[in-house]
Amino acid sequence: MKKKILVTGGAGFLGSHLCERLLNEGNEVVCLDNYFTGQKSNVVHLLSNPYFEMIRHDVTMPFFIEVDEIYNLACPASPIHYQYNPIKTVKTSVMGAVNMLGLAKRIKAKILQASTSEVYGDPQIHPQTESYWGHVNPIGERACYDEGKRAAETLFVNYHKQNNVRIKIIRIFNTYGPRMHPNDGRVVSNFIVQALQGKDITIYGDGSQSRSFCYYSDLLDGMIKLMNTGDDFTGPVNVGNPNEFTILELAEKIIRLTGSSSKIIRQPLPSDDPMQRQPDITLAKSKLNWEPKIELEEGLIKTIDFFKTIVK
Ligand code: NAD
Ligand code: UDP
């Protein structure tokens, strides 16, 4: 059955792929974005579809529409962008959640929150399970994002308990792929752009910190499966690829896959940069019947091909 679906942050990296997937599955999609980090060019190819609509709007302001489902992705995701205006980042997460949950309550829509592995902060248990409460500095450089996302989870759970809103919370671990912004500042896009341009590859710190990288199509499979679970399952559920790499290993892989002559240089490690991160996906496997299919090299090759088309 055709559903009418609102995607906030729909012009961003993940949001634009999500809009495309939902349209391809036969739904009607409304993409809402303020174009802070997203771009019209990510979704312009969808405009010829009569079941697709774009709306310029900021989620910190109330919004009214009739839909069946809401995917709430609006929020800058890269540390450079979310730290650019930290007050706005908190407002986007918290007021955005209040506005979208209020809408979901009023129109009885199901609503999914794009939460993050950052709710675990610089984790002291490894790998991270959903039951771990995290280790977040509430006044650090990352707090606007981490605490904003944590408060959003709190709001989601309380709208569910107090007002019976049907909620889903996905904790997304580092996800990459085509349509990441070339100046986004996240590690995969930075390294690929630097490698393709023959510039130095900037490793922050000694490169021994780790991340687990998930290809965007796997992530979206998990996200859509979560939205389609029964009302009794709310999450939070980790979705990410458990294969963990150090940042140095990532740099070396990208140099090899691009055939670049770039040199690795070291720059200072930003404060509160998590030392390690790896999802425990036992819950996603059992509740969503989901696990990632695309391993890092395969995903990097596709992502490098994308960047070759836009990087001069
Ligand atoms: P992105 O920056 O490409 O997309 C975010 C989108 O939200 C952009 O289009 C931006 O313009 C829009 N936006 C920002 N503030 C807004 C506001 N106030 N009102 C309306 N729109 C606004 O980032 P992404 O990687 O696509 O991330 C999408 C979501 O997934 C975010 O909520 C992010 O926190 C979450 N997430 C992503 C990752 C990842 O690795 N990609 C990891 C964890 C969580
Ligand atoms: N990083 C790096 N060089 C870069 C960009 C990032 O060494 O040019 C490191 C960063 O310090 C962090 C890791 O790569 O340890 C992942 O950074 P990203 O901003 O992609 O995501 P997050 O820290 O939010 O996981």
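Scroll up to find the structure this text is about.
Owing to the predicted nature of the structure, the values given are computational and were not obtained by experimental measurement.

## Quick look at the site of ligand 1
So, step 1. If you check the shell around ligand 1, you find 30 residues, and the closest are Leu14, Asp33, Thr37, Tyr145 and Thr175.
So, step 2. Within the contact set of ligand 1, an oxygen atom lies 3.3 Å away from a backbone nitrogen or oxygen of Cys75.
So, step 3. Of all the secondary structure elements, the ones that give two or more residues to the shell around ligand 1 are helix H1 (13-24), helix H3 (86-107), strand S5 (110-116) and helix H4 (143-163).
So, step 4. When residues in the shell around ligand 1 are grouped by element, the largest group, 3 residues, is from S5.
So, step 5. For the shell around ligand 1, the residue count by class is 14 nonpolar, 11 polar and 5 charged.

## Here we look at the pairing of strand S4 (residues 69-72)
Side-chain direction in a regular strand flips from residue to residue, so the side chains alternate between the two faces of the sheet.
So, step 1. Of the two faces of S4, the one carrying Glu69 and Tyr71 and the one carrying Ile70 and Asn72 are both buried.
So, step 2. Judged from the 4 bridges that link them, strand S1 (residues 4-8) and S4 form a sheet pairing that is parallel. Bridging across to S4, Val7 finds its partner in Tyr71.

## Topic: the sheet that holds strand S2 (residues 28-33)
So, step 1. If you walk across this open sheet you meet the 7 strands as S3-S2-S1-S4-S5-S6-S11, and the pairing is parallel. A strand with exactly one partner marks an edge of an open sheet, and here the two such strands are strand S3 (52-56) and strand S11 (237-239). Recorded for the sheet is a direction-independent mean angle of 20° between the axes of neighbouring strands.
So, step 2. Taken together, the 6 bridges between S5 and strand S6 (residues 167-172) define a ladder with parallel strand orientation. Within S6, the residue paired with Leu112 across the bridge is Lys168.
So, step 3. Along the sheet, H4 contacts S5 and S6; its crossing angle with S5, the most-contacted strand, is approximately 155°.

## Quick word on the environment of Glu249
So, step 1. Take Glu249: it is sitting in helix H7 (residues 247-258).
So, step 2. Relative accessible area serves as the criterion here: at 36%, Glu249 is assigned to the partly exposed category.
So, step 3. Counting along the chain gives 139 residues from Glu249 to Lys110, while the straight-line C-alpha distance between them is 40 Å.

## Quick look at the packing of aromatic side chains
So, step 1. By the definition in use, this model includes 9 aromatic pairs.
So, step 2. Their ring planes at 40° and their centres at 6.1 Å tell us that Tyr120 and Phe173 sit as a pair that is tilted. Remark: Phe173 occurs in the loop between S6 and strand S7 (175-176) and Tyr120 occurs in the loop between S5 and H4; sequence separation between them is 53 residues.
So, step 3. The class of Phe173 is buried, set by a relative accessible area of 1%.
So, step 4. By way of ring pairs, the aromatic residues Phe13, Tyr176, Phe213, Tyr215 and Tyr216 are connected into one cluster.

## Side note on the nonpolar core
So, step 1. In terms of nonpolar packing, the biggest core is built from 60 residues, with Leu18, Tyr71 and Met223 touching the most fellow members.
So, step 2. For this core, the element with the most residues is helix H6 (residues 216-227), which contributes 7 residues.
So, step 3. When neighbours within four sequence positions are excluded, Met223 is seen to be in contact with Leu18, Tyr71, Leu73, Leu112, Ile170 and Ile172.

## What to know about the pattern of salt bridges
So, step 1. As enumerated under the stated definition, the model contains 16 salt bridges in all.
So, step 2. A salt bridge links Arg186 to Asp184; the shortest N-O distance between them is 2.7 Å.
So, step 3. Among the charged side chains, a salt-bridge network with shared partners connects Glu118, Arg142, Arg211, Asp273 and Arg277.

## Quick word on unusual backbone geometry
So, step 1. Residue Pro127 is reached from His126 by a cis peptide bond, and omega for that bond is -10°.
So, step 2. Pro236 follows Gly235 through a cis peptide bond whose omega is 5°.
So, step 3. Tracing the backbone through its elements, the reader meets Pro236 in the loop between H6 and S11.

## Description of the site of ligand 2
So, step 1. In the region of ligand 2, 18 residues are neighbours, and Arg142, Thr202, Arg211, Asp273 and Arg277 sit closest.
So, step 2. A distance of 2.7 Å is found between an oxygen atom of ligand 2 and a side-chain nitrogen or oxygen belonging to Arg142.
So, step 3. Between ligand 2 and Thr202, the relevant distance is 2.6 Å, taken from a nitrogen atom to a main-chain nitrogen or oxygen of the residue.
So, step 4. Contributions of two or more residues to the shell around ligand 2 are made by helix H5 (187-197) and strand S8 (201-204).
So, step 5. Among the residues forming the shell around ligand 2, the class breakdown is 7 nonpolar, 5 polar and 6 charged.

Cut-offs used in this document
- Residues numbered from 1 in each chain as written.
- Chains lettered and ligands numbered in written order.
- Predicted model: local features only at pLDDT ≥ 70, side-chain atom pairs only at ≥ 80, totals over all residues.
- Heavy atoms only, no water.
- Near = heavy atom within 4 Å.
- Polar contact = N/O pair within 3.5 Å; in protein donor to acceptor, adjacent residues only side chain to side chain.
- Helix = DSSP H or I, 4+ residues; strand = E, 2+ residues; numbered from the N terminus.
- Nonpolar A, V, L, I, M, F, W, Y, C, P; charged D, E, K, R; others polar.
- Buried < 20%, exposed > 50% of the residue type's maximum accessible area, 1.4 Å probe, protein only.
- Pairing = 2+ DSSP bridges.
- Axes fitted to C-alpha atoms, helices over the stretch in contact; angles between N-to-C directions.
- Contact = heavy atoms within 4.5 Å.
- Phe/Tyr/Trp six-rings, centres within 6.5 Å; stacked < 30°, edge-to-face > 60°.
- Core = buried A, V, L, I, M, F, W, Y, C linked by side-chain atoms within 4.5 Å.
- Salt bridge = Lys/Arg side-chain N within 4 Å of Asp/Glu carboxyl O.

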